[in-house]
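# Per-entry structural report
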Amino acid sequence: MTFHSIAAADLGTTLGGIAFWTVLLAGWVALFVATIVSIIRAGLSRRSLTRWILLVSLAPGLGILLWFTTGRFRLSPS
């Protein structure tokens, strides 16, 4: 086995890891943006809107989970 074959294997693994984390990060950003858009379109009062956006921004995992499990379903239908 030569140095070039070892380097090529390592390069493939490295690029695969970079691609995986890039896709994962892009998915997370898309979910974050979709959550913010959903909050803005929900027709909340200014105070509630500010609080939800702050929650999602400061604690993204918890905020997104709470919004999609409780927040948007508590709204009364218009």
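Residues numbered from 1 in each chain as written. Predicted model: local features only at pLDDT ≥ 70, side-chain atom pairs only at ≥ 80, totals over all residues. Heavy atoms only, no water.

The name given to the protein in an unreviewed UniProt entry is Phospholipase_D-nuclease N-terminal, with the source organism recorded as Actinoplanes campanulatus.

## Notes on helix α3 (residues 60–71)
For the α-helix, the turn length of 3.6 residues means that residues three or four positions removed from each other point alike. Its 12 residues place the ends of α3 only 14 Å apart at the C-alpha level, less than the 16 Å of an ideal helix rising 1.5 Å per residue. Considered for burial, the residues of α3 that qualify are Gly63, Ile64, Trp67 and Gly71. Buried residues in α3, looked at end-on, bunch into an arc of 105°, giving them a common side. (Helix = DSSP H or I, 4+ residues; strand = E, 2+ residues; numbered from the N terminus. Expected span 1.5 Å × (residues − 1). Buried < 20%, exposed > 50% of the residue type's maximum accessible area, 1.4 Å probe, protein only. Arc of directions from axis to C-beta.)

## A look at a nonpolar patch on the surface
The grouping of Leu25, Trp28, Val29, Leu31, Val33 and Val37 at the surface amounts to a nonpolar patch, some 500 Å² of accessible area in total. Tracing the backbone shows Leu25 in helix α1 (residues 3–41). (Patch = residues over 30% accessible without salt bridge, like charges linked within 9 Å, V, L, I, M, F, W, Y side chains within 5 Å. Areas by Shrake-Rupley, 256 points an atom, 1.4 Å probe, with all protein chains shown as cover. Salt bridge = Lys/Arg side-chain N within 4 Å of Asp/Glu carboxyl O.)

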